[in-house]
Amino acid sequence: MNELAITVIGRDRPGIVADVAEVLARLGANLTDSTMTRLRGHFAMTLICTGPAAAEVEAALASLAAEGQLLATVRAVTPDGDVPPVGEPYVMAVHGSDRMGIVAAMTRVLVDAGGNVTDLSTRLTGALYVVLAEVELPAGVADAVLDRLHRTAAELGVEVTLRPADPDLL
């Protein structure tokens, strides 16, 4: 079996998830991890599956992209196996007036402390910009990271929280 990374993007419409899942099921591909969202009217899905060769999956998904409304890419990837977490799970939330550089500055604080962003979502609603990030931080650094996040947030004119993640909810 091959492990494949697949992306599908394009103008949103009802049925895209079902269409992609049906194509993959017909090929005998097993969806193992996936995420999907709408971004300002555009559909975006990334998934990992095991199944036939990448070329076969790409050819089968071509019918969905034939009208130029969707772009599907398929790439063979090397399975990582079980990857142990690099630290303790936290959730960072940022909100405030929209401005360039919020994600760059706040995630740089996390990375400089040895952290890893494992999931990130942003949303602009009117003038309010919201960032939600699941992160792993090395043991014992959360207080220092929170202090630096607060300083960086003040420079940007936004608010930030960092709280331990409930592992049952992730």
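Residues numbered from 1 in each chain as written. Predicted model: local features only at pLDDT ≥ 70, side-chain atom pairs only at ≥ 80, totals over all residues. Heavy atoms only, no water.

## Re the UniProt feature "domain: ACT" (unreviewed entry) in the protein chain
- Under the UniProt annotation, the feature "domain: ACT" (unreviewed entry) is placed at residues 5–79 and 91–163.
- In residues 5–79, helix accounts for 32% and strand for 47%; the two terminal C-alpha atoms are 10 Å from one another.
- Note that residues 91–163 is 36% helix and 45% strand, and that its end C-alpha atoms are spaced 5 Å apart. (UniProt positions renumbered as here; feature names shortened; annotations may be inferred. Helix = DSSP H or I, 4+ residues; strand = E, 2+ residues; numbered from the N terminus.)

## Focus: helix α4 (residues 142–156)
- Given a rise of 1.5 Å per residue, 15 residues ought to cover 21 Å, and the 20 Å separating the end C-alpha atoms of α4 matches this to within 8%.
- When we look at burial in α4, the residues that qualify are A142, V145, L149, T152, A153 and L156. All buried residues of α4 fall inside an arc of 100° around its axis, so they share one side. Across from the buried face of α4, at angles greater than 90 degrees, the exposed residues are D143, A144, R151, A154 and E155.
- Tucked into the core, α4 has its buried residues touching β5 (88–97), α3 (102–112), β7 (128–137) and β8 (158–164).
- The first or second residue beyond α4 is G157, which carries a positive phi of 75°. (Expected span 1.5 Å × (residues − 1). Buried < 20%, exposed > 50% of the residue type's maximum accessible area, 1.4 Å probe, protein only. Arc of directions from axis to C-beta. Contact = heavy atoms within 4.5 Å.)

## Side note on the sheet that holds β8
- Taken together, the four strands give an open sheet; going across it, the order is β6-β7-β5-β8, and neighbouring strands pair in antiparallel fashion. The two strands at the open ends of the sheet, each matched to only one other strand, are β6 (116–125) and β8. Across the sheet, the axes of successive neighbouring strands diverge by a mean angle of 15°, strand direction being ignored.
- Two elements, β5 and β7, share 10 bridges in a ladder whose sense is antiparallel. Across the sheet, the residue bridging to M92 is A133, located in β7.
- On top of the sheet, α3 reaches β5, β6, β7 and β8; it is set at about 20° to β7, its chief contact.
- Across the sheet, α4 touches β5, β7 and β8, and the angle it forms with β8 is around 165°. (Pairing = 2+ DSSP bridges. Axes fitted to C-alpha atoms, helices over the stretch in contact; angles between N-to-C directions.)

## A few points about the environment of R38
- Note that R38 resides in strand β2 (residues 30–39).
- For the pair R38 and G126, spaced 88 residues apart in sequence, the C-alpha to C-alpha distance is 17 Å.
- Ignoring sequence-local partners within four residues, the contact set of R38 consists of D12 and R123.
- Within the structure, R38 has its side chain in polar contact with the side chain of D12 (distance 3.3 Å). (Polar contact = N/O pair within 3.5 Å; in protein donor to acceptor, adjacent residues only side chain to side chain.)

## Details of the nonpolar core
- Formed by 20 residues in total, the largest nonpolar core has its most connected members in M92, V94, M106, L137, L149 and L162.
- Put simply, the parts of the chain that give this core at least two residues each are β5, α3, β7, α4 and β8.
- Sequence-distant contacts of M106, that is, excluding residues within four places in its chain, are made with M92, V94, L149, T152, A153, L156 and V160.
- Core analysis: the second largest hydrophobic core is formed by 19 residues, A29, L47, L61 and L64 among them. (Core = buried A, V, L, I, M, F, W, Y, C linked by side-chain atoms within 4.5 Å.)

## Looking at the side chain of E136
- Within the fold, E136 resides in strand β7.
- Among buried charged residues, E136 stands out as having no salt bridge; its nearest opposite-charge side chain is R163, 14 Å away.
- For E136, the contacting residues outside a window of four places in its chain are P85, V86, G87, E88, G115, N116 and T118. (Lys, Arg positive; Asp, Glu negative; His and termini not counted. Salt bridge = Lys/Arg side-chain N within 4 Å of Asp/Glu carboxyl O.)

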